[in-house]
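Each chain, letter by letter, is given below.
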Amino acid sequence: MTGRVSVLLLVSGFILLAQFEALRSCAEILVPAAHAGQSEPKQGRKPDRLPRRDRQTDVIVYPPAPTLAIPPSLTPTEPGAAPLPAPERIEADISTRTIAVTSAYAGAEILVFGTIENSRQPSAESGYYDVVVVVEGQPERVMVRRKSRIGGLWINTQSFVFSAAPSYYATASTRPIDDFTDKVLRDEIRIGFDAIGLVGSAERGRQKPMTAEEVMAYRSAVVRLKQDARLYQSSDYGVIFTGRSLFRAKIDLPANVPVGPLTTRVYLFQDGSLLSSYQSRVVLEREGIERWLYMFAFDHSYLYGLFTVLLAVLAGLAASAIFQRRTV
Amino acid sequence: MNVYLPIAEMSAHVLLFLGMGAAVGFISGLFGVGGGFLITPLLIFMGVPATVAVGTSTAQIVASSVSGAVAQYQRNNVDVKLGLVLLTGGFFGTVIGVQLVKILRELGQFDVFIALCYVLFLGVIGTLMLIESVQTIRRTRAGGAGSGRKSGEHSWVHGLPFKMRFQRSKLYISAVPPLMIGAFVGFLAAIMGVGGGFVMVPAMIYLLRVPTNVVVGTSLFQTVFVAAAATILHAGTLNSVDAILALLLMVGGVVGAQFGAAAGSQLKGEELRFLLAALVLLVCLRIGWDLVVTPTELYSLADSAGGTP
């Protein structure tokens, strides 16, 4: 009997050890699996109120697009000129303006959709226009650390601080952005990973003076690590035309996107030149018990600690009470 | 069903954490240990920030040890006086430990530090337990009594001042060693998210010569309060306790522990210690491996948990 149990125990011990590996992959499998189910509107989340869309004309602002230059010859008001086609303008909206982060939150998917006014595109498939959708989070301070080997151990030795890096950055486009834009334009309107606004900080910390290459290595490390965490994403064929002028793009917001406002920008290109742009916002907000716990944990941190301890004591005592009743 | 963890700021399947809690609970019920030494590394491996893993693990330890402590107390297996002395030391150790975690987190060295702590403590404790249990098993097989402990044996511990009488343990010893042991265990609880039973129990048996029937009860008694103090201090100074994560681990853990305890009653003490030693050494090697092997990614983003309200 004893021998059998001890074998069983060793096995369970090994199984647990195996979990060190398995759990990591398990977490990766389970989390996306839940994401897949996210396209349906979630229960418990506020339904998107339709009146919002009716009010969109008040909400939508057309910012002066940086490089948007419509030749005067194209303005239709010019008298005497031949009836020239009116300039294209892009209008867009987002499926959800407020996303509630509740304790059942597993990320969300937003749909950015819109239309091109005065579209000259013969069909949805013609590829006459290119559209780029950018969803960007708030800039935040990011510290990157680099490991090196010291006495046989890998230890964080150097660090670099970016005073501002977007917490989240996703692009979707009709085709790879580099195929139809040049670097100058990408940098100017900040589209594509190379153009992400990462601002190096003057903070010294424990960092030695760094060469430009070293800073570039830190910069690409931020982009790479954020990409691994699905916080930086690009979808080269993510914008789909569903008609002559209608387009749509799905943007995936994983659960680890920090809460706060997200800026949505939509750009319309034709032959590599920017024709029109549009801007809007989505807000991620903590709600329900989630919000309550978070506020509690940060505003009354010691009381929150005490609350967690009481929760633990209750859980422990309740369990033993239940099991004692069963065994006695 | 997925759950979003407010402090760890991540989302994962409920069953993942419940299952983890149950597996660790089974092992902790089996060996009569808190299981923190498994919870903390497992959470870190799953991507929970190291400080959150430690802080949340302390909350789980409260849950897993409170029912045991109450049961032991009812059976009169707790030396309350000794427990209070240990606890006094434990509070100081916890306060110092949490401050150290805070400093190390700011320096960006907490991850490496916690890994080194785990390798060091698990390595030493595992090796000692392994040697001891193998010797006991050999001695038992060769015939004769299993316990090699002689009562009334004196050691350097008995030469220290501030002697106190601990009636339940039938001891008349200095208050200094229990205070020191308590402080050390409290320190470990705060930095590693462990109950410290793996230090406390051997220290009580071999250093203080506490009778075996009182050891577990008194250790549990001390663990509940030290872990509670560590949880409150972690939440208060580091915002590193995730109540939802803790709750999931607790529910899984307390259920698993019941089955573990039932299974453990069928094993002999030295066999249990041998298995536990093997498990401890495996965890130690696994953590040590990550420190030595060349990482695929040299860069990392700083743990921002608790830093951005």
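Model, not experiment: these values are computed from the prediction.

Enquirer: What is the right way to look at helix α5 (residues 110-141) of chain B in this model?
Expert: The α-helix winds at 3.6 residues per turn, so residues separated by three or four positions along the chain end up facing the same way. The first and last C-alpha atoms of α5 of chain B sit 45 Å apart over 32 residues, in line with the 46 Å expected at 1.5 Å per residue. The complete set of buried residues in α5 of chain B reads Phe110, Asp111, Ile114, Ala115, Tyr118, Val119, Leu122, Ile125, Gly126, Met129 and Ser133 of chain B.

Enquirer: Help me understand helix α3 (residues 50-74) of chain B, please; the structure alone is not making it clear to me.
Expert: Residue and element names in this part refer to chain B. With 25 residues, α3 extends 36 Å from end C-alpha to end C-alpha; this agrees with the ideal 36 Å at 1.5 Å per step. Remark: the principal bend of α3, roughly 30 degrees, maps to Ser65. Counting buried positions over the 25 residues of α3 gives 21, a clear majority of the element. In the stretch just after α3, Asn76 is the one whose phi turns positive, near 60 degrees.

Enquirer: Please explain the confidence of the model for chain B as it appears in this structure.
Expert: Detailed conclusions should not be drawn from predicted coordinates in areas where pLDDT is low. All names here are of chain B. Considering every residue of chain B, the mean pLDDT works out to 82; 92% of them sit at 70 or more. Contacts for the low-pLDDT stretch residues 304-309, under 50 throughout, to residues beyond four places or in other chains number 13 contacts. Scored by ipTM, the complex comes to 0.80, with pTM at 0.73.

Enquirer: Sorry, what's going on with the sheet that holds strand β3 (residues 108-117) of chain A here?
Expert: The strands making up a sheet associate through backbone hydrogen bonding, with each pair oriented either parallel or antiparallel. Residues and elements named next belong to chain A. Across the sheet, four strands lie side by side as β1-β3-β11-β10; this open sheet has antiparallel pairing. In this open sheet, the two strands that pair with only one neighbour each are β1 (89-94) and β10 (239-241). Going across the sheet, the axis of each strand differs from the next one's by a mean of 25 degrees, ignoring polarity. Bridge analysis of β10 against strand β11 (residues 246-253) gives three bridges, and the strand direction is antiparallel. Across the sheet, Val239 pairs through a bridge with Ala249, a residue of β11.

Enquirer: When you look at the interface of chain A and chain B in this model, what are you seeing that I'm missing?
Expert: Interfaces are often described in size by the accessible area the parts lose on coming together. Contacts between chain A and chain B engage 63 residues on the former and 69 residues on the latter. Listing elements by their share of the side of chain A that touches chain B, those giving two or more residues are α1 (2-36), β5 (139-150), β6 (153-166), α6 (212-228), α7 (288-299) and α8 (301-327) of chain A. For the side of chain A that touches chain B, the element with the most residues is α1 of chain A, which contributes 18 residues. Classifying every residue of the side of chain A that touches chain B by side-chain character gives 41 nonpolar, 16 polar and six charged. Across three bridges, the pairing between β5 of chain A and strand β5 (residues 299-301) of chain B is antiparallel. Paired with Arg146 of chain A across the bridge in β5 of chain B is Tyr299 of chain B.

Enquirer: Where do I start with the confidence of the model for chain A in this structure?
Expert: All names here are of chain A. When the pLDDT values of chain A are averaged, the result is 74; 70% of them are 70 or greater. Predicted confidence in chain A is weakest over helix α2 (residues 51-54), with a mean pLDDT of 34, and strongest over strand β7 (residues 169-173), with 93. Counted against residues more than four places away or in other chains, residues 20-78, with its pLDDT under 50, gives 64 contacts.

Enquirer: I tried to follow the nonpolar core on my own but got confused; where do I start?
Expert: Inside soluble globular proteins, nonpolar side chains tend to come together where they are buried. Counting 165 residues, the largest nonpolar core has Val133 of chain A together with Val62 of chain B as its most contacted members. The element best represented in this core is helix α8 (residues 212-238) of chain B, accounting for 15 residues. Beyond its immediate sequence surroundings of up to four residues, Val133 of chain A is in contact with Val112, Thr171, Ala172, Val239, Ala249, Ile251 and Val266 of chain A. Among the nonpolar cores identified, the runner-up in size contains nine residues, and Val142, Met143, Phe160 and Val222 of chain A belong to it.

Enquirer: Quick question: what am I supposed to make of the environment of Ser159 of chain A here?
Expert: Mapped onto the elements of the fold, Ser159 of chain A is located in strand β6. Along the backbone, Ser159 of chain A and His300 of chain A are 141 residues apart, and their C-alpha atoms lie at a distance of 32 Å.

Enquirer: Would you mind showing me how to read the pairing of β7 of chain A here?
Expert: Remark: a regular strand shows side chains that alternate across the two faces of the sheet. Residues and elements named next belong to chain A. Of all five residues in β7, five are buried, a share of seventy percent or more. Because side chains alternate across β7, one face comprises the buried residues Tyr169, Thr171 and Ser173, and the other comprises Ala170 and Ala172, equally buried. Both strand β4 (residues 130-136) and β7 contribute to a ladder of five bridges, which runs antiparallel. Counterpart to Val135 in the pairing with β7 is Ala170.

About the thresholds
- Residues numbered from 1 in each chain as written.
- Chains lettered and ligands numbered in written order.
- Predicted model: local features only at pLDDT ≥ 70, side-chain atom pairs only at ≥ 80, totals over all residues.
- Helix = DSSP H or I, 4+ residues; strand = E, 2+ residues; numbered from the N terminus.
- Expected span 1.5 Å × (residues − 1).
- Buried ≥ 20, exposed ≤ 12 C-beta atoms within 10 Å, placed from the backbone.
- Bend = angle between axes of the 7 residues up to and from the residue.
- pLDDT = per-residue confidence, 0-100.
- Contact = placed C-beta atoms within 7 Å.
- Pairing = 2+ DSSP bridges.
- Axes fitted to C-alpha atoms, helices over the stretch in contact; angles between N-to-C directions.
- Nonpolar A, V, L, I, M, F, W, Y, C, P; charged D, E, K, R; others polar.
- Core = buried A, V, L, I, M, F, W, Y, C linked by C-beta atoms within 7 Å.

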